[in-house]
Amino acid sequence: MSFLMTFARQAVEAGMENNDERNSRFVEHVTVMKDRSEIMKATWSQPQKFYGFWNDEKNNMKHKYMCDTLTDKFPGRKSYY
């Protein structure tokens, strides 16, 4: 009977992962993700547009054109305002 129990235990243990190996992979993954997140946070803190970008005349006109209703853009249609 002990032979069957030993065989069963060995069969189950053969299918299981090594706990130390799994923990080392997890720690490595966490450190890599932490480093990547620090790089991403540093990238996010940088400004994308310079100060006063939207005050430029060209950009204000583009914004005004995009905010108009769709029917105002058709030829022959005028805005009532």
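1. So, the overall build of the protein chain
Right, so step 1: A tally of helices and strands in the protein chain yields 3 helices and 0 strands.
Right, so step 2: Starting at the N terminus and walking to the C terminus, you meet the elements of the protein chain as α-α-α.
Right, so step 3: The burial tally for the protein chain puts 2% of its 81 residues in the buried class.
Right, so step 4: When the accessible surface of the protein chain is totalled, it reaches about 8,500 Å², and 61% of it is carbon and sulfur.

2. What about the pattern of salt bridges?
Right, so step 1: What the rule picks out here adds up to 3 salt bridges.
Right, so step 2: Of the charged contacts, one joins Glu21 and Arg25 as a salt bridge, the two residues approaching to 3.3 Å between their closest N and O atoms. Of this pair, Glu21 and Arg25 both sit in helix α2 (residues 19–44), separated by 4 residues, roughly a single helical turn.
Right, so step 3: On the accessibility criterion, Glu21 (44% relative accessible area) is partly exposed.
Right, so step 4: Via salt bridges that share partners, Glu17, Glu21, Arg22 and Arg25 belong to a single interconnected network.

3. Focus on the confidence of the model for the protein chain
Right, so step 1: The predicted model of the protein chain averages 78 in pLDDT, with 64% of residues at 70 or higher.
Right, so step 2: When the elements of the protein chain are averaged for pLDDT, helix α3 (residues 57–67) gives the smallest value, 61, and α2 the largest, 94.

4. Some thoughts on a nonpolar patch on the surface
Right, so step 1: On the surface, Met1, Phe3, Leu4, Met5 and Phe7 cluster together to form a nonpolar patch covering roughly 680 Å² of accessible area.
Right, so step 2: By the element assignment, Met5 lies in helix α1 (residues 2–15).
Right, so step 3: Using a relative accessible area of 56% as the deciding quantity, one classes Met5 as exposed.

5. Quick word on α1
Right, so step 1: The terminal C-alpha atoms of α1 lie 20 Å apart, and with 14 residues this matches the ideal 20 Å at 1.5 Å per residue to within 8%.
Right, so step 2: Across the 14 residues that make up α1, only a small minority, 0, are buried.

Thresholds, definitions, all that
Residue positions are given per chain, counting from 1 as you read along its sequence in written order. This being a predicted model, a pLDDT of at least 70 is required before a residue's local features are given, and a value of 80 or more before pairs of side-chain atoms are given or counted; all residues contribute to the totals for chains, interfaces and linings. Water and hydrogen atoms play no part in the side-chain values, which are based on all heavy atoms of the structure. Under the scheme used here, helices are H or I runs from DSSP no shorter than 4 residues and strands are E runs no shorter than 2 residues, and both carry numbers assigned from the N terminus. Relative accessible area decides the class of each residue, using a 1.4 Å probe on protein chains only: under 20% of the type maximum gives buried, over 50% gives exposed, and in between gives partly exposed. Computed with a 1.4 Å probe, the accessible areas rest on the Shrake-Rupley method; for each residue, only the protein chains presented here act as cover. Any carboxyl oxygen of Asp or Glu within 4 Å of a side-chain nitrogen of Lys or Arg constitutes a salt bridge here. Confidence of the predictor in every single residue is expressed as pLDDT, which spans 0 to 100. Only residues above 30% relative accessible area that lack a salt bridge enter a patch, with like-charged residues linked at up to 9 Å and the nonpolar side chains Val, Leu, Ile, Met, Phe, Trp and Tyr linked at up to 5 Å. Given the number of residues in a helix, its expected span is that number minus one, multiplied by 1.5 Å.

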